[in-house]
Amino acid sequence: MNLLFRNDDISADNNAVDLKELCNIFHQYGFTQLHGVTLYGWTQEHSIENGIPKVYPGNDEITNLSNKQIKELSQDKFVGDNKELVAYINSIPDPIALHGLYHYDYSQMTREEQEADILRGLELLTKLFPKKIVKDFIAPYNKANEHTHAVCEKLGLKLHTANGTHLEALIHYGNNWKLVEGETYRYHHHRFYKDSLFDNYKLSTERLYRFFMHTTVRPLMSIDEYKDCIQKAGAQTWYGYAYEKYEELKQCYLPYMWIRNNIARDYKILETGCGAGGVLHFLWHEGFCNLYGHDYDAKAIDAAKRIAQKHGAEMNFEIVDCTTPNDIGTFDVLLGMNWFYLIDGYDLAQFIRQYSPHVAGEGYLIFDVIDSSYNNNPLNMYHTQDWKIEDGERRPSEYKVRYSTEEVIEIAKENNLSLVENWYVDYTIPRRVFVFQAQK
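Here's what I pulled together on the structure shown here. (Residues numbered from 1 in each chain as written. Predicted model: local features only at pLDDT ≥ 70, side-chain atom pairs only at ≥ 80, totals over all residues. Heavy atoms only, no water.)

**Overview of the pairing of strand S9 (residues 184-188)**
Convention followed: Summary of the burial criterion: residues with accessible area below 20% of their type's maximum are buried, those above 50% are exposed, and those between are partly exposed, where the area comes from a 1.4 Å probe applied to protein chains only. Here a strand is any run of E in DSSP of at least two residues, a helix any run of H or I of at least four, and the numbering for each starts at the N terminus. Note on pairing: two strands pair once DSSP finds at least 2 bridges between them.
Counting buried positions along S9 yields five of five residues, so the element is predominantly enclosed. Along S9, one buried face is formed by Thr184, Arg186 and His188 and the opposite face, lined by Tyr185 and Tyr187, is buried too. Note that strand S8 (residues 165-166) and S9 share two bridges and pair parallel. Each bridged residue has a counterpart across the sheet, and for His166 the counterpart in S9 is Arg186.

**Some thoughts on the sheet that holds strand S10 (residues 269-272)**
We apply this condition: Simply put, an axis is a line fit to the C-alpha atoms, just over the touching stretch for a helix, and the angle between two N-to-C directions goes from 0 to 180 degrees. Contacts between residues were defined by any pair of non-hydrogen atoms, one from each residue, lying within 4.5 Å.
The strand order across the open sheet built from seven strands is S12-S11-S10-S13-S14-S16-S15, with neighbouring strands paired in mixed fashion. Edge positions in the sheet fall to strand S12 (316-319) and strand S15 (417-425), since each has one partner strand and no second. Adjacent strand axes in the sheet meet at a mean angle of 15 degrees, parallel and antiparallel pairs treated alike. The sheet contact formed by S10 and strand S11 (residues 291-295) spans four bridges and is parallel. Within S11, the residue paired with Thr272 across the bridge is His294. Lying over the sheet, helix H10 (residues 250-262) contacts S10, strand S13 (331-336), strand S14 (359-370), S15 and strand S16 (431-438), oriented at roughly 135 degrees with respect to S15. Taken strand by strand, helix H13 (residues 348-355) contacts S10, S13, S14 and S15, and its axis lies near 165 degrees from that of S14.

**A look at the environment of Gly361**
Looking at where Gly361 falls in the secondary structure, it is placed in strand S14. In this structure, the C-alpha to C-alpha distance between Gly361 and Cys252, residues 109 residues apart in sequence, is 24 Å.

**Observations regarding unusual backbone geometry**
Here Asn142, not a glycine, exhibits a phi torsion of approximately 60 degrees, which is positive. Mapped onto the elements, Asn142 comes out in the loop between strand S6 (136-138) and helix H5 (146-155). Classification of Asn142 as partly exposed rests on a relative accessible area of 23%. Even without a glycine there, the phi angle at Asn338 is positive, about 65 degrees. Along the chain, Asn338 turns up in the loop between S13 and H13.

Quick look at the structure:
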């Protein structure tokens with residue numbers, strides 16, 4: 001598609017690691033971005049004072065500062081001093097634009113001031129990014145006057161102001177997204193990062209990733225369509241909630257991301273206790289093509305099949321008692337997420353002993369457990385739904401078995417599994433997710 005993704009506010013205070021994470025999402029889907037570089041000054045919020053995010057702590061909001069004030073505050077904040085950031089941008093194919101010598105209001109400047117400013121900015125960009133040809137000027141705050149237009153025309157630059165779609169608002173307010181041919185999508189990259197102080201929109205790299213998952217070659221089903229399949233199958237409404245909040249369910253999202261980044265698309269993958277197949281549907285979107293799901297709940301399997309049919313996806317879902325796997329074959333990746341510790345009389349040792357023989361070659365077994373740190377919760381012995389009622393009326397906890405990392409590793413070792421990766425998920429009911437590899 002012919003699209004322009006316009007990323008404003010590359011500046012001295014950017015974190016190169018964060019930018020790389022964001023750019024990797026675009027690159028994965030075959031897109032580059034036009035990065036607007038501001039040579040001097042900061043562009044991200046660094047403090048919150050009286051409820052107001054401030055780019056320059058101790059000063060007024062940046063939009064209320066004069067050009068003179070911004071220039072004075074910016075003098076010792078040169079983007080070229082951020083060596084890691086400059087090196088990363090030089091290493092990727094993305095084009096760059098001038099986003100101001102300083103991040104101030106060009107509509108308040110004369111033609112002579114603007115021309116001198118832009119020429120100096122182009123000169124510095126050429127030195128910092130010698131292999132990138134600058135053809136664009138992105139006006140800070142999207143503000144320009146007739147002189148800005150004239151200077152850009154004289155210098156052969158395309159001027160960008162508020163044209164196009166505001167991607168931040170689109171992601172925040174919508175969920176049935178689509179990309180429009182020929183459109184420009186503008187945004188500020190730093191607002192997607194975990195430590196961003198900007199809170200006008202609910203943004204994250206996970207939500208950006210979800211946006212592309214909905215709008216590219218194998219688009220995700222809309223939340224409403226997914227919930228409709230759940231409802232028609234008579235399955236638990238929780239599956240629809242889990243699909244909508246998938247990025248927040250780290251015990252499923254983390255292994256999904258690990259598989260996406262480390263496993264070949266043609267590997268044979270089985271999810272035990274798959275429910276409506278949420279993890280598998282997300283993997284199908286990523287191009288995985290050999291996907292299997294087992295669950296004892298006929299309604300959940302019916303929902304999974306309905307969703308796959310709606311996608312036009314070839315996936316294999318079966319009603320199986322996952323506590324007694326028999327002739328299920330072998331798989332390159334086998335998952336057990338969010339189920340076996342809820343079954344009375346069934347535990348991790350049984351799960352690993354039963355399923356490790358079904359891991360092919362040097363394949364992977366991925367699962368989560370209730371972390372032993374849950375024992376420190378004073379209510380850990382009670383059912384979570386009963387925490388707010390009288391002590392004598394509370395049922396025993398549904399999470400009967402908890403494990404330390406050392407205990408899990410020891411059980412896995414007894415079954416010829418070696419640890420590859422693990423993550424602690426800091427919930428009220430804390431979990432730990434493990435990736436083990438078979439040693440055959």
